[in-house]
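# Observations on the model geometry
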Amino acid sequence: MTRRVRKAVFPVAGLGTRFLPATKLVAKEMLPVVDKPLIQYAVEEAFAAGIEYCMFITGRGKAVLVDHFDSAPELEAMLRDRGKQEPLAELLGGRPKAGTILATRQQAPLGLGHAVSCARAFTDDEPFAVILPDDLILSDRPCLSQLIDVWSEHGGNVIAVEEVDRSRTANYGILDVAADDGRVARAQGLVEKPQPDVAPSRLAIIGRYVLDPKVMRALESTAPGAGGEIQLTDAIRATLPDVAIHGLRFDGMRFDCGDKVGFIEANLAFALERPDIRPRLVQSLKATVAALEAEEDRTGMAQRTSTAVDAAS
Ligand code: G1P
């Protein structure tokens, strides 16, 4: 068996209904954080972590995700002619080597597990990564590299995790923790989207995985679970006790770009990292905060006045 993680699967068939009307014609993974689409962040993270081949699991209307990584001869020639070196370099730098981006169609929205299983011929009998581009991570070292480090030590399945508020467990896959050193937790079970009162912990799965090939085999017989969908979480759990499951509390800040507020926060955080944008943005943020505080003061004062009037009458 290959002892390297060379392949990554990107489930990108989702419709992005939470971002309508923006996503009526545009794939949600094409929404930009600052000036780069989510899918490009995901692919760049994969290559930075040593991945050689990326497989997109797409759906109808999402061919643009593959097109985005193709050459753009007219645009490149135009930039060259006009001497626009910087955007040209950016464009060429973002284009992966031919043959490294592959794609197949999920055909029907049967769940994340089903989407991943569509890559079975691609992963073959190798360990593989799964990246959900909605989860965008700002970190010094790519989150996937951090997972691969832990995988090199423990093997098996390694998943990115984050502590969430108990009220939010029903949005995530949750670890049933057997041992925990505060950074890496070994799981004795996984539950997809448990209600807060039955969640075995608050350690939630974030969209980065390094998985054993046995997960692909387990997916062949995984029945629909939470939400009536074939869940990746269930297939990973099914490889226990044969294959270990470790959760890594990665270093970095994660943004849920499938959520409007998360997406806006990601834009702010990534923009603040950019020296060409930061100074003006900081100024504008300070002005916005000052205006908000002034508004709160005014409403607070108005409320206090009306309470005092009520008390006096
Ligand atoms: C998926 C997984 C879930 C995980 C989450 C992370 O859920 O099924 O286990 O916690 O991604 O973003 P989804 O967000 O697709 O409902």
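What counts, and where the lines are drawn
Residues numbered from 1 in each chain as written. Predicted model: local features only at pLDDT ≥ 70, side-chain atom pairs only at ≥ 80, totals over all residues. Heavy atoms only, no water. Salt bridge = Lys/Arg side-chain N within 4 Å of Asp/Glu carboxyl O. Buried < 20%, exposed > 50% of the residue type's maximum accessible area, 1.4 Å probe, protein only. Helix = DSSP H or I, 4+ residues; strand = E, 2+ residues; numbered from the N terminus. Core = buried A, V, L, I, M, F, W, Y, C linked by side-chain atoms within 4.5 Å. Contact = heavy atoms within 4.5 Å. 1 Å grid on protein atoms, 1.4 Å probe; cavity = no way out; pocket = protein on both sides within 12 Å on 5 of 7 lines; lining within 4 Å. Points joined across faces, edges and corners; volume = space filled by probe spheres on them. Phe/Tyr/Trp six-rings, centres within 6.5 Å; stacked < 30°, edge-to-face > 60°. Near = heavy atom within 4 Å. Polar contact = N/O pair within 3.5 Å; in protein donor to acceptor, adjacent residues only side chain to side chain. Areas by Shrake-Rupley, 256 points an atom, 1.4 Å probe, with all protein chains shown as cover. Sits in = over half its atoms within 2 Å of the grid points. Nonpolar A, V, L, I, M, F, W, Y, C, P; charged D, E, K, R; others polar. Disulfide = S-S within 2.5 Å.

The next subject is the pattern of salt bridges. A full pass over the atoms with the stated rule returns 21 salt bridges. We note a salt bridge from Lys193 to Glu192, for which the minimum N-O separation is 2.8 Å. Overall, the relative accessible area of 13% leaves Glu192 in the buried class. Sharing partners across several salt bridges, the network here consists of Arg4, Arg6, Lys7, Glu52 and Glu126.

As a further point, take the environment of Leu268. Examined against the element boundaries, Leu268 turns out to sit in helix H10 (residues 260-272). Considered as a pair, Leu268 and Ser117 are 151 residues apart in the sequence and their alpha carbons are 35 Å apart.

This brings us to the nonpolar core. Counting residues in each nonpolar core, the largest one holds 37 residues, and the members touching the most others are Phe10, Ile39, Phe56 and Leu144. When contributions to this core are tallied by element, the ones reaching two or more residues are strand S1 (7-11), helix H1 (38-48), strand S4 (53-58), strand S6 (128-131), helix H7 (143-154), strand S8 (157-163) and strand S11 (203-211). The greatest single-element share of this core, amounting to six residues, is contributed by H7. The residues touching Phe10, leaving out its near neighbours within four places in the chain, are Ile39, Ala42, Val43, Ala46, Cys54, Met55, Phe56, Ile57 and Ile131. Counting residues in hydrophobic clusters, the runner-up holds 29 residues, among them Phe122, Val161, Ile205 and Leu211.

On to the side chain of Thr100, then. With respect to the helices and strands, the residue Thr100 is situated in the loop between helix H4 (85-93) and strand S5 (101-105). Beyond its immediate chain neighbours, meaning those up to four positions away, Thr100 contacts Phe47, Glu52, Tyr53 and Cys54.

Turning our eyes to something else, we now look at the layout of surface pockets. Unfilled space is identified by rolling a water-sized probe across the atoms. For the largest pocket, the calculated volume is near 1400 Å³. Around the largest pocket, the lining is made up of 45 residues, and of these Gly14, Lys28, Leu112, Asp134 and Glu229 lie nearest the centre. At the level of elements, helix H5 (112-117), S11, helix H9 (232-238) and strand S13 (253-256) are the ones that each hand at least two residues to the lining of the largest pocket. Here the lining of the largest pocket gets four residues from one element, more than from any other, and that element is S11. Taken together, 21 residues make up the lining of the second largest pocket; nearest its centre are Asp35, Lys36, Pro37, Gln40 and Glu90. Elements supplying a minimum of two residues to the lining of the second largest pocket: strand S3 (36-37), H1 and H4. For the lining of the second largest pocket, the leading source of residues is H4, giving three residues.

Another aspect to go through is the packing of aromatic side chains. Aromatic ring pairs are defined here through the distance separating the ring centres and the angle between the ring planes. For the coordinates displayed, the defined rule picks out five aromatic pairs. Relative to Phe56, the ring of Phe10 lies with its centre 5.5 Å away and its plane at 70°, an arrangement referred to as edge-to-face. Of this pair, Phe10 sits in strand S1 while Phe56 is found in strand S4, placing the two residues 46 residues apart along the sequence. Across the pair, Phe56 and Phe10 agree in class, each one buried. Judged by centre distance (5.8 Å) and plane angle (65°), the rings of Phe56 and Phe69 are edge-to-face.

Taken together, the neighbourhood of the ligand is formed by Leu112, Leu132, Asp135, Tyr172, Gly173, Glu192, Lys193, Ile205, Gly207, Tyr209, Gln231 and Thr233. Take Glu192: an N or O atom from its side chain is 2.6 Å from an oxygen atom of the ligand. Backbone polar atom of Ile205 to an oxygen atom of the ligand: 2.7 Å apart, as the coordinates give it. Coverage of the ligand by the protein amounts to 74% of the 380 Å² it exposes when considered alone. Structurally, the ligand is housed in the largest pocket. For the shell around the ligand, the residue count by class is five nonpolar, four polar and three charged.

Working definition of a disulfide: a covalent bond connecting the sulfur atoms of two cysteines. By the definition in use, this model includes zero disulfides. Its sulfur unpaired, Cys54 is 15 Å from the next cysteine sulfur, which belongs to Cys143. Accessibility expressed as a relative area gives 0% for Cys54, which makes it buried. Cys257 supplies the cysteine sulfur nearest to Cys143, a cysteine that is in no disulfide, at a spacing of 14 Å.

The omega torsion of the bond from Leu20 to Pro21 falls at 5°, within 30 degrees of zero and hence cis. When you line up the elements, Pro21 lands in the loop between S1 and strand S2 (32-33). Across the junction of Leu240 and Pro241, the peptide omega takes the value 0°, indicating a cis bond. Topologically, Pro241 is positioned in the loop between H9 and strand S12 (245-249). Positive phi, normally seen in glycine, also occurs at Gln107, with a value near 70°. Relative to the assigned elements, Gln107 resides in the loop between S5 and H5. Within the chain, Lys193 stands out as a residue other than glycine whose phi angle is a positive 50°. Its place among the elements puts Lys193 in the loop between strand S10 (184-192) and S11. Take Lys193: its relative accessible area is 37%, and that puts it in the partly exposed class.

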